[in-house]
Structures are given as structure tokens and as C-alpha cells.
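Results of the structural survey
Each chain, written out:
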Amino acid sequence: MAEIEKEQNREALTSTEKGEQRESRSRKPSGGSDLSWSMTPEEYSRYVKEVTPVHNTPANMAKAFLVGGIICCLGQALTSWLLSMGLEKEAAGTWTSVALVGAAILLTGFNWFGSIVKFGGAGALVPITGFANSMVSPAIEYKKEGQVFGIGCKIFTIAGPVILYGIFTSWGLGLVYWALKMFGIF
């Protein structure tokens, strides 16, 4: 009988140790480095499925279409109203762009634009309103660091590269156009 009890205790101890080993492999050590953390491929697959967000692409597309469509309809309504007030087409388009940028800046300042983007996704970000938001958000975020080192340095964090490469690309394409025109191609 004593032999049977010893064998059962040994099996219980072994299964407990195996369980602890399995737990220690699937748990990230606190304060330890990521190099000592190991998972089996099955555990990793389960982990990835747990943390990967699930998106409903058709619903997201519909919401983006709705929000982008509303923004564009507001812009078109403003342009039509300005044209009916006697402005020329180019001036009406300019004032519409200014109004949409101003509205996006105000919505960003009141912290409402983020909610619109969360719902409408790219529908709110693709039009000119997204560009205005990308200019104002860093300025608002870093205003506590002062006018120069906060707002002045961070206002072009996201939009700066867009402006830089846009100007550079238009300059390069203008140069190509000029060269082709010089050779009589255009």
C-alpha cells in the first residue's frame, strides 16, 4: 500500500509541475524580458485570435460612405448657396474649402471629430476635413509645452510630410512637363 501511495503522490507532483510549466510558458514574466517568454504555436494562435479585432467590412464601408457622403453633400450645398448669392464658381469652391476646414478645426477643438472618425472611419478622414484634423490635433495635444516648442514644432507633425512631398512632386512633375514641352512633345 505504501508503494501505491508513493506512486500516486509522484504522479500528482509530476502533473502539477507540468501544469506550472505550461502556465509559465503561456504567461509573460512580470518585469522580465520578452526573450524569456515562449509559447507553443497553438497557444500563440489562440492568443492572436483573442487580441485581433474583428471588423465587419461591409458595415464599415457603409458607414464611411455615409459620413463621407454627408460631408460632401454639406460642401456641395454650401457651394450651391454661395453660387446663388452671386459668387463665381472658383470663389465659391474656395470659400467652401475654407468653411469645411474651419468646421473640422472646430470639431477637433471641441473633441467631437474623433467620435465622427470612430464611427465613419475613412469617410471622415479622406476629404479635406481629415487634413485639417491632422494639422490641429498635434497642436492641441502639445499646447501645454508652449507656443514655440509645443504648437509651433508639432503642428506639422503629420501634415508636414504631406505638404513637403506634395510640393516636391508637383515641382518634379512641372520640371518633366517643361522638359517635354521644350522637346516639342507637348
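What comes next is a walk through the structure. Residue positions are given per chain, counting from 1 as you read along its sequence in written order. The model is predicted, so local features are restricted to residues of pLDDT at least 70 and side-chain atom pairs to those at 80 or more, both for listing and for counting; the totals for chains, interfaces and linings are taken over all residues. By convention in this description, side-chain values take in all heavy atoms of the structure and omit both hydrogens and water.

**Regarding the overall build of the protein**
Secondary structure summary: the protein contains 9 helices and 0 strands in total. Numbered from the N terminus, helices here are DSSP runs of H or I no shorter than four residues, and strands are runs of E no shorter than two. Starting at the N terminus and ending at the C terminus, the protein contains elements arranged as α-α-α-α-α-α-α-α-α. Put simply, the protein shows about 14,400 Å² of open surface, and 67% of that area lies on carbon and sulfur atoms. Accessible surface area values rest on a Shrake-Rupley calculation with a 1.4 Å probe, where residue burial reflects the displayed protein chains alone.

**Let's talk about the packing of aromatic side chains**
Any two rings among Phe, Tyr and Trp, with Trp reduced to its six-membered ring, count as a pair given centres within 6.5 Å; such a pair is stacked if its planes are under 30 degrees apart, edge-to-face if over 60, and tilted if neither. Applying the stated criterion across every chain yields a total of 2 aromatic pairs. Geometrically, the ring pair formed by phenylalanine 110 and tryptophan 112 is tilted, given 5.2 Å between the ring centres and 35° between the ring planes.

**Here we look at the state of the cysteines**
Cysteine sulfur atoms are paired as a disulfide whenever they fall within 2.5 Å. Taken as a whole and judged by the stated rule, the model has 0 disulfides. Here cysteine 72 is not cross-linked by a disulfide; its sulfur's nearest cysteine counterpart is in cysteine 73, at 7.2 Å. Three labels apply to residues, based on accessible area from a 1.4 Å probe with only protein chains included: buried if under 20% of the type maximum, exposed if over 50%, partly exposed otherwise in between. Classification of cysteine 73 as exposed rests on a relative accessible area of 56%.

**Section: the side chain of threonine 79**
Following the sequence through the fold, threonine 79 ends up in helix 3 (residues 57-84). With sequence-adjacent residues up to four places away left out, threonine 79 is seen in contact with Ala92 and Thr96. Contact between two residues is taken to exist if any of their heavy atoms lie within 4.5 Å; hydrogens are not considered.

**Topic: a nonpolar patch on the surface**
By definition, no residue in a patch forms a salt bridge, and every one has over 30% relative accessible area; like charges are joined within 9 Å, nonpolar side chains (Val, Leu, Ile, Met, Phe, Trp, Tyr) within 5 Å. Salt bridge, as applied in this entry: a Lys or Arg side-chain nitrogen positioned within 4 Å of an Asp or Glu carboxyl oxygen. Together, Phe168, Trp171, Leu175, Tyr177, Trp178, Met182, Phe183, Ile185 and Phe186 make up an exposed nonpolar region whose accessible area comes to about 1,200 Å². Looking at the element boundaries, tryptophan 171 is found in helix 9 (residues 159-182).

**A look at the nonpolar core**
Of all hydrophobic cores here, the largest spans 7 residues; its members are Val67, Ile71, Ala104, Phe113, Val117, Ala124 and Ala132. If you list the elements that add at least two residues to this core, you get helix 3 and helix 5 (113-120). Sequence-distant contacts of valine 67, defined by excluding residues within four places in its chain, comprise Ile116, Phe119, Gly120, Gly123 and Ala124. The criterion is simple. A nonpolar core is a set of buried Ala, Val, Leu, Ile, Met, Phe, Trp, Tyr and Cys residues joined through side-chain atoms within 4.5 Å.

**Regarding unusual backbone geometry**
The residue asparagine 111 is not glycine, and still its phi comes out positive at about 65°. With respect to the element layout, asparagine 111 can be found in the loop between helix 4 (89-109) and helix 5.

**Here's the deal with the packing of helix 3 against helix 4**
A pair of packed helices is characterised by two quantities: the angle between their axes and the separation of those axes. Following both chains from N to C, one finds helix 3 and helix 4 inclined at 140°, their axes separated by 9 Å at the closest point. When the axes of helix 3 and helix 4 are compared, the pair comes out oblique. In this structure, helix 3 meets helix 4 at a crossing whose hand is right-handed. Touching Ile71, Gly75, Leu78, Thr79, Leu82 and Leu83 of helix 3 are Lys89, Ala92, Trp95, Thr96, Ala99 and Leu100, all from helix 4. The class makeup of the residues in the contact of helix 3 with helix 4 is 8 nonpolar, 3 polar and 1 charged. Only the contacting stretch of a helix is used when fitting its axis, a line to C-alpha atoms as for every element, and angles between N-to-C directions run 0 to 180 degrees. Every angle not falling under 35 degrees, over 145, or within 65 to 115 is termed oblique; those three ranges are roughly parallel, roughly antiparallel and roughly perpendicular. Here a crossing is taken to be left-handed if its near helix is turned anticlockwise relative to the far helix by less than a right angle, and right-handed if that turn runs clockwise. Charged means Asp, Glu, Lys or Arg here, nonpolar means Ala, Val, Leu, Ile, Met, Phe, Trp, Tyr, Cys or Pro, and polar covers whatever is left, Gly included.

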